[in-house]
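Residue-level structural notes
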Amino acid sequence: MHMGIIRDAMLIALAASGIGLGVNALMPDGLPLVADRPYDLFVPCPEPLGTVEALEPADPRLRAPGTLLVDARDEAARKAAPLAGAEPVPFDYLESVSREAVTRLAGSGAPRVVVAGDGLDPDSGRELARELAGQGLKNVFFVSGGAPALLRRATREGVAP
Amino acid sequence: MSGWMAWRGHAWLGLAARLYLGGVFLLACAHKILHPEVFAVDVATYQFLPLWAVNLFAITLAWVELAAGLLLVLGVRSRAAALLVALMMLAFLAALGSALSRGLELSCGCFASQGAAEDPISWRTVVRDLAWLALALYAMWLDRAPLGLERWLNHRRPRS
């Protein structure tokens, strides 16, 4: 290969890199040349996920004896609009549900576990329910529309959520 | 062998290869230039480069892609541009192979940042990159008198 081609390629790469660095320096929201902290990476792990069924907020199984309601929302959302009697197990998209939480729910002896999440798309309640079912819990459901749907229904009917 | 190397059809096949590759690289660089912060996350997701090199790579690579793509399309220093494309393809193949061998499920990040569900890397991505590497090598080794702006300007230049 001609040395001229290699020399030209190096010059092109250097010039283009220089332009890139210059443009980045001029941009008000340019990247720092070296990241000051590691990036939060979301690389899906092969988590075992189970199949779960959605329950409407009006479904009688929600209030049936033995139903354990699980709140998948974060602490701030739970404090702002609490679900009475719900077991808090905050769902995190980056971390698997802890073994302790699964053991605690399994140890409750409840014949049915219903997870209420943020009601967004994707719904943290559905995701946590799938993860719990994948960890071996039986009869796991999630509330369609999540905690907001439960709270709306409770407000409409004038009962505690 | 020298007869094959000197075949005049290489100029036309080389032009087609250069236009295609140049188009691919111009398309690929657009999102990276407009959203370097998103591309940096894509680079980091491969877990291939050390943290100190991630931003530098994300900032500069897109502009090298732009330069190589433009030069390939215009036919200016096109063999050098093809060499750059070949080197970039080798780097991408190494990163892809490393990610696939570790079982990482992630987005390619080649054209636009998408989730792993929409644009997952796979061995098909490797085959595609190998094909692009072959085109770049063809343009570098066999397109020895590239059709394009540089050749046209040289022909117009009065001989002294």
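Residues numbered from 1 in each chain as written. Chains lettered and ligands numbered in written order. Predicted model: local features only at pLDDT ≥ 70, side-chain atom pairs only at ≥ 80, totals over all residues. Heavy atoms only, no water.

It is worth spelling out the pattern of salt bridges at this point. Scanning the model with the defined rule gives 13 salt bridges over all chains in all. A salt bridge links arginine 61 of chain A to aspartate 59 of chain A; its shortest N-O distance comes to 3.1 Å. Take aspartate 59 of chain A: its relative accessible area is 16%, and that puts it in the buried class. The closest approach of N and O atoms between arginine 128 of chain B and aspartate 129 of chain B, which form a salt bridge, is 3.3 Å. On the basis of relative accessible area, arginine 128 of chain B is assigned to the partly exposed category, the value being 27%. A cluster of three or more residues bridged by salt bridges with shared partners is formed by Arg7 and Asp8 of chain A together with Arg77 and Glu150 of chain B. (Salt bridge = Lys/Arg side-chain N within 4 Å of Asp/Glu carboxyl O. Buried < 20%, exposed > 50% of the residue type's maximum accessible area, 1.4 Å probe, protein only.)

Each disulfide consists of a covalent bond between the sulfur atoms of two cysteine residues. Residue and element names in this part refer to chain B. The final tally for this structure, using the stated rule, is one disulfide over all chains. One disulfide bridge connects cysteine 108 with cysteine 110, the sulfur atoms lying 1.5 Å from each other. By relative accessible area, which is 17% here, cysteine 110 ends up buried. (Disulfide = S-S within 2.5 Å.)

Leu21, Phe25, Tyr46, Val85, Met88 and Ile121 of chain B are the most contacted members of the largest nonpolar core, which totals 50 residues. Only helix H1 (3-26) of chain A together with helix H2 (9-34), helix H3 (36-45), helix H4 (51-74), helix H5 (78-101) and helix H6 (123-141) of chain B provide two or more residues apiece to this core. Ranked by the residues each element gives to this core, the list is headed by H5 of chain B, at 14 residues. With sequence-adjacent residues up to four places away left out, phenylalanine 25 of chain B is seen in contact with Glu65, Gly69, Val85, Met88 and Met89 of chain B. With 19 residues, the next largest nonpolar core counts Leu105, Leu128, Leu132 and Val140 of chain A among its residues. (Core = buried A, V, L, I, M, F, W, Y, C linked by side-chain atoms within 4.5 Å. Helix = DSSP H or I, 4+ residues; strand = E, 2+ residues; numbered from the N terminus. Contact = heavy atoms within 4.5 Å.)

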